[in-house]
Amino acid sequence: MGQAVSSRSKSINGFNMITCLRNLISLLWVMDQPAFTESLNGSTITVNIIDVRNKEGSIRLSIFKDEASFSAEKASKTMLLDKKELSGGKMNTSVQLPSGIYGIAVLDDENSNEKMDYGVMMPKEGFGFSNFYLTGLRKPKFEKFKFLVSDTNFSVVIRMKYM
């Protein structure tokens, strides 16, 4: 008499098709994840933050991809930086980004509560934007501080402003 064979365990010459398909789908999913694609292309961006007024708290660096994400304050990547490396009001960090358009906004979170604090309608903490210094009183448009990442490493300068 023959043995019953489950359709789930059928194999051809020891090759299980279902296991192979699962592995292929898993590999395709992993390749679609940002951490994987960042290592395939893009650049290392050196972020130079200047005019930080003190070593209290931390620096919150937020990376945005477009006006919609900036307006909604939904960063694609956020980094908290310890101000121990601050020297003479300056500090640097690096970030790996895949090719595309980005803008960086920075908050000097002096009390480490992870949000901008306000006095009488004015920010009490410092802020800054990639390659753009805000001279007015309104939040800038993404167009003012965006930059293009290609396959070349480069740097951006963020000058802090305190009201």
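Structural data are supplied above this passage.
Structural notes, computed from the coordinates. Just so it is clear, the structure is predicted and the values come from calculations on it, not from any experiment.

1. Details of the packing of aromatic side chains
Using the criterion set out here, one finds 7 aromatic pairs in the structure. With 5.3 Å between their ring centres and 80° between their planes, Phe64 and Phe70 make a pair best called edge-to-face. Looking at Lys139, its charged tip hangs above the ring of Phe70, at a distance of 4.5 Å from the centre. Over the aromatic face of Tyr133 sits the side chain of Arg159, whose NZ or CZ is 4.0 Å from the ring centroid.

2. Thoughts on the environment of Lys115
In this structure, Lys115 sits in the loop between β7 (100-109) and β8 (126-129). The sequence separation of Lys115 and Arg60 amounts to 55 residues, and the corresponding C-alpha distance is 8.8 Å. Among all residues touching Lys115, those that are not within four sequence positions of it are Leu107, Asp109 and Glu125.

3. Re the pattern of salt bridges
According to the stated counting rule, one finds 7 salt bridges in the structure shown. Here Glu110 ties to Arg53 by a salt bridge, and the two come within 2.8 Å at their closest N and O atoms. In this pair, Glu110 sits in the loop between β7 and β8 while Arg53 sits in the loop between β3 (43-50) and β4 (58-64), placing the two residues 57 residues apart along the sequence. Here Glu110 falls in the buried class, since its relative accessible area comes to 15%.

4. Brief notes about the side chain of Lys83
Among the secondary structure elements, Lys83 is positioned in the loop between β5 (77-82) and β6 (91-97). Reaching out from Lys83, the side chain makes a polar contact with the backbone oxygen of Asn54 at a distance of 2.9 Å. Among the polar contacts listed, one links the side chain of Lys83 to the side chain of Asp108, at a separation of 2.5 Å. Each residue touching Lys83, except ones within four places of it in the same chain, is listed here: Val52, Asn54, Lys55, Glu56, Gly57, Ser58, Ile59, Met91, Asp108 and Glu110.

5. A few points about the sheet that holds β6
Judged by pairing direction, the sheet is mixed, and its 3 strands sit side by side in the order β6-β3-β10 without closing on themselves. Each edge of the open sheet carries a strand with a single partner, namely β6 and β10 (154-159). Neighbour-to-neighbour, the strand axes of the sheet open up by a mean angle of 25°, direction not taken into account.

The rules behind these values
- Residues numbered from 1 in each chain as written.
- Predicted model: local features only at pLDDT ≥ 70, side-chain atom pairs only at ≥ 80, totals over all residues.
- Heavy atoms only, no water.
- Phe/Tyr/Trp six-rings, centres within 6.5 Å; stacked < 30°, edge-to-face > 60°.
- Lys NZ or Arg CZ within 6 Å of the ring centre and 35° of its normal.
- Helix = DSSP H or I, 4+ residues; strand = E, 2+ residues; numbered from the N terminus.
- Contact = heavy atoms within 4.5 Å.
- Salt bridge = Lys/Arg side-chain N within 4 Å of Asp/Glu carboxyl O.
- Buried < 20%, exposed > 50% of the residue type's maximum accessible area, 1.4 Å probe, protein only.
- Polar contact = N/O pair within 3.5 Å; in protein donor to acceptor, adjacent residues only side chain to side chain.
- Pairing = 2+ DSSP bridges.
- Axes fitted to C-alpha atoms, helices over the stretch in contact; angles between N-to-C directions.

Remember that the coordinates give geometry; whether it matters functionally is a separate question.
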